[in-house]
Amino acid sequence: MTELAISTRGLRKTYRKLNLSRSVAVEGLDLDVPVGGVHGFLGPNGSGKTTTIRMLLGLIRADEGSMRLFGEEVPRRLPDVVGRVGAIVEQPKFFPNFSGRRNLTLLAGAIGADPALVDVVISDVGLADRAKDRYRGYSLGMKQRLAIAATLLKDPDLLIFDEPTNGLDPAGIREIRGTMRGLADRGKTVLVSSHILTEVEQVADTVSIIARGRLLASGTVSELIGSGTALSVRVGVPDPDAAGPVLAEQGWAVRRDGRLLVVDGAADAGRITQVLAGRGIFVDELVPVRADLESVFLELTAGAGPGTRPQPPGAPSHGRRAAQTEGSAR
């Protein structure tokens, strides 16, 4: 059985609104995060990601359900396992006029960490050449990497990052992505929550997708991408108006995208070429549209209006509960 860094069962959290009604933030969440690698905790803003993380860290109390970190029940046994966990949930506070190294040295003294680790963690996040610079002169990406370095001072086994790339430019996002990948390659478990699915897809080994506080699907990236519907194919031809009806005769859905045609439902892209060539229409461009986590997510949440449960791909419309993909632990 796969060893789990994080496990929740039936997790539920509600908040009281100003009108005294209850708003459900997390509802019956079953979440499994395996030990080792990067696990993407994905969902739109307001889906319950931050609420779940705050419950795991003992910052707020769950209404129902159970949680475990490395097999230890939390929050009851959180003091026994908290030393193995480092987290960035909110923007940490550093002294703006102190250097990055000075800030970490002060923090190491406050938490009883070995001062010798300061230069180690600075190097781990790629800030060795800027360690003597004042914090106020750091870019957003550098500030975020210094925050990650701060979590590494106690050498945790599990790192939890809540929306770590918010507000960063492409270069900063790439830096954080590389830092997370590097930590995972060293044997750490990294849980990263995000609503930017395309970014996490580039670094995650496994993912869980949630919406409205419920699990929609979980598994490896390849499992989830493979669970979606057939891919589309972008087709370039000299005369799209003539080619469109020919392709539609095969039962495929065809739509225009500028000078190209987009064909849905063709299991074999080569069949498109064959069909068109049979009518004297020759293809000058044929590009399969690769499935990604974003397209899988949109498929999972399609038609999920207020009061309805999002459905997994191919689910019937009578309310079947979203299930984890084959091979994922339950």
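None of these values were measured; they are calculated from a predicted model.

A. Focus on the pairing of strand S2 (residues 22–34). Pairing geometry for strand S1 (residues 4–16) and S2, over nine bridges, is antiparallel. Among the inter-strand pairings, serine 7 is bridged to a residue of S2, identified as aspartate 32. Taking the residues that link successive antiparallel strands as the turn, the S1-S2 hairpin has five residues, and the phi of leucine 20 there is positive, at about 75°.

B. Just the packing of aromatic side chains, in detail. Overall, the coordinates contain three aromatic pairs when judged by the stated rule. Geometrically, the ring pair formed by phenylalanine 95 and phenylalanine 98 is tilted, given 5.2 Å between the ring centres and 45° between the ring planes. Classification of phenylalanine 95 as partly exposed rests on a relative accessible area of 49%. A cation over an aromatic ring shows up here: lysine 13 above the ring of tyrosine 15, its NZ or CZ 5.4 Å from the ring centre. For the cation-ring pair, arginine 84 lies above phenylalanine 70, with the distance from its terminal atom to the ring centre recorded as 3.8 Å.

C. Local environment of the environment of phenylalanine 98. For phenylalanine 98, the location among the structural elements is in the loop between strand S6 (85–88) and helix H3 (100–111). Along the backbone, phenylalanine 98 and arginine 134 are 36 residues apart, and their C-alpha atoms lie at a distance of 5.2 Å. Those residues within four positions of phenylalanine 98 in sequence are excluded, and the remaining contacts are Asn103, Leu106, Asp133, Arg134 and Tyr135.

D. Representation of the sheet that holds strand S14 (residues 285–288). Ordered by their spatial adjacency, four strands build an open sheet running S12-S13-S11-S14, and the pairing between neighbours is antiparallel. One side of each edge strand has no neighbouring strand; the edge strands of this open sheet are strand S12 (253–257) and S14. On average, adjacent strands in this sheet sit at an angle of 25° to one another, irrespective of strand direction.

E. Region of interest: the nonpolar core. In terms of nonpolar packing, the biggest core is built from 48 residues, with Leu104, Ile148 and Phe161 touching the most fellow members. Considering every element that reaches this core, the biggest residue donor is helix H5 (residues 140–151), with six residues. When neighbours within four sequence positions are excluded, leucine 104 is seen to be in contact with Phe94, Val118, Val121, Ile122, Leu146, Ala149, Ala150 and Leu153. Core analysis: the second largest hydrophobic core is formed by 26 residues, Val33, Val74, Leu78 and Leu191 among them.

F. Summary view of empty space enclosed by the protein. What the rule picks out here adds up to two cavities of 30 Å³ or more. When its volume is computed, the largest cavity comes out at roughly 80 Å³. As for the largest cavity, its lining consists of Pro164, Thr165, Ile173, Arg177, Met180, Val192, Ser194, Ile196, Glu199, Val200 and Val203. Elements represented by at least two residues in the lining of the largest cavity include exactly helix H6 (170–185), strand S8 (189–194) and helix H7 (197–201). In terms of residue count, the dominant contributor to the lining of the largest cavity is H6 (three residues).

Cut-offs used in this document
Residues numbered from 1 in each chain as written. Predicted model: local features only at pLDDT ≥ 70, side-chain atom pairs only at ≥ 80, totals over all residues. Heavy atoms only, no water. Pairing = 2+ DSSP bridges. Helix = DSSP H or I, 4+ residues; strand = E, 2+ residues; numbered from the N terminus. Phe/Tyr/Trp six-rings, centres within 6.5 Å; stacked < 30°, edge-to-face > 60°. Buried < 20%, exposed > 50% of the residue type's maximum accessible area, 1.4 Å probe, protein only. Lys NZ or Arg CZ within 6 Å of the ring centre and 35° of its normal. Contact = heavy atoms within 4.5 Å. Axes fitted to C-alpha atoms, helices over the stretch in contact; angles between N-to-C directions. Core = buried A, V, L, I, M, F, W, Y, C linked by side-chain atoms within 4.5 Å. 1 Å grid on protein atoms, 1.4 Å probe; cavity = no way out; pocket = protein on both sides within 12 Å on 5 of 7 lines; lining within 4 Å. Points joined across faces, edges and corners; volume = space filled by probe spheres on them.

The values are spatial; any link to function lies outside them.
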